[in-house]
Amino acid sequence: MTTIPIHQIDAFASRPFTGNPAAVMPLDTWLEDDVLQAIAEENNLSETAFIIPDASGEADYELRWFTPTAEVVLCGHATLASGHFVLGQDADLERVTFRTRKAGLLAVERDSAGGPDYFVTLPAYVSEPRPAPNILSALGLDEAVECLWHPNHYALIVVERPDQVISLQPDFRKLAAEGDVLTIVTAPAQNTDIISRVFAPGAGIDEDPVTGSAHAVMVPYWAKRLGRDSFTAYQASKRGGHLDCRLDGDRVVLGGRCVTVMEGVFRL
């Protein structure tokens with residue numbers, strides 16, 4: 001019998017039952033892809049992150065992410081959770097880097113100046129205007145301020161008011177018919193600079209609680225619209241999560257906390 005350590009971590013969370021849960025599973029070597037996918041399906045969390053030591057020397061670890069139904073190009077909250085796990089093993093370690101297959105080199109570092117426990121650095125995904133009538137219909141929206149698209153299958157829908165984001169009741173069957181698309185709905189807000197909700201039924205996740213990769217798309221947009229590179233964000237899912245956001249050239253830096261809620265072993 002093979003056993004694999006498993007650590008369930010709530011990312012972008014300061015207490016249990018908030019933020020976005022991810023399983024972090026350290027491996028010695030890669031298992032077959034179908035086994036990794038089956039483990040993620042068994043875990044039934046929005047993401048399972050697998051890490052192995054990076055033999056190439058480019059980074060500290062290799063990192064891959066799986067939803068219950070598919071491997072994904074980028075996952076911010078599971079990267080943050082992976083950094084929380086690794087940095088938690090060594091109190092003297094300040095920063096950890098991850099080599100990914102399609103998102104390049106990512107990093108998680110401790111916040112030495114107070115505030116959020118960690119910063120995770122992701123690529124900045126700049127979206128372009130593109131009509132999205134089917135997505136608007138599935139969201140129950142008659143119109144939007146802007147509809148934008150990023151080629152990694154991110155749809156960014158900007159609406160006028162935060163109450164429009166909060167009151168959304170999407171038709172998940174219609175959204176899933178659009179394929180593996182991460183649909184982001186966002187607006188300016190009062191108690192935070194921006195608010196959002198994120199839906200990915202085509203990837204097996206009706207609503208994602210707190211989505212780092214969605215902010216990799218939102219931050220370049222809002223930095224330009226707000227006229228500043230730093231601002232706060234709240235993702236208004238049932239669990240909810242707060243993020244500190246910063247655009248740094250072609251990178252997005254997100255600040256947040258993590259809470260380890262469960263540790264054990266997975267038996268194959």
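Note that the structure is a prediction, hence the values are computed from the model and not measured.

Visitor: A description of the environment of D142 should follow, citing residues and the corresponding values.
Guide: Within the secondary structure layout, D142 lies in the loop between helix 3 (133-139) and strand 9 (146-150). Considered as a pair, D142 and E32 are 110 residues apart in the sequence and their alpha carbons are 45 Å apart.

Visitor: Kindly report on the layout of surface pockets, identifying the contributing residues and their values.
Guide: If you add up the space inside the largest pocket, you get close to 330 Å³. In terms of lining residues, the largest pocket is bounded by 21 residues, among which V72, L74, Y154, D180 and L182 are the most central. If you list the elements that add at least two residues to the lining of the largest pocket, you get helix 2 (76-88) and strand 13 (205-208). Tallied by class, residues from the lining of the largest pocket come to ten nonpolar, seven polar and four charged. By volume, the second largest pocket is sized at about 220 Å³. Surrounding the second largest pocket, 17 residues form its lining, F12, A13, S14, H242 and R257 being those nearest its centre. Elements represented by at least two residues in the lining of the second largest pocket include exactly strand 15 (241-248) and strand 16 (251-256).

Visitor: So what's going on with unusual backbone geometry? Residues and values would help.
Guide: At F17, a residue that is not glycine, the phi angle is positive and equals roughly 75°. Considering the arrangement of structural elements, one finds F17 in the loop between strand 1 (3-11) and strand 2 (20-26). Classification of F17 by relative accessible area gives exposed; the value is 68%. Within the chain, H153 stands out as a residue other than glycine whose phi angle is a positive 70°. Here H153 is to be found in the loop between strand 9 and strand 10 (154-158).

Visitor: Any chance you could break down the pairing of strand 12 (residues 194-200) for me, citing the residues and the numbers?
Guide: Burial of strand 12 is extensive: seven of the seven residues sit out of reach of the surface. The side-chain alternation of strand 12 yields two buried faces, one formed by I194, S196, V198 and A200 and the other by I195, R197 and F199. Bridge count for strand 11 (residues 182-188) against strand 12 is six bridges, and the pairing is antiparallel. Bridged to V185 within strand 12 is R197. Where strand 12 and strand 14 (residues 230-235) come together, three bridges link them in parallel fashion. Within strand 14, the position partnered with S196 by the bridge is Q235.

Basis of the calculations
Residues numbered from 1 in each chain as written. Predicted model: local features only at pLDDT ≥ 70, side-chain atom pairs only at ≥ 80, totals over all residues. Heavy atoms only, no water. Helix = DSSP H or I, 4+ residues; strand = E, 2+ residues; numbered from the N terminus. 1 Å grid on protein atoms, 1.4 Å probe; cavity = no way out; pocket = protein on both sides within 12 Å on 5 of 7 lines; lining within 4 Å. Points joined across faces, edges and corners; volume = space filled by probe spheres on them. Nonpolar A, V, L, I, M, F, W, Y, C, P; charged D, E, K, R; others polar. Buried < 20%, exposed > 50% of the residue type's maximum accessible area, 1.4 Å probe, protein only. Pairing = 2+ DSSP bridges.

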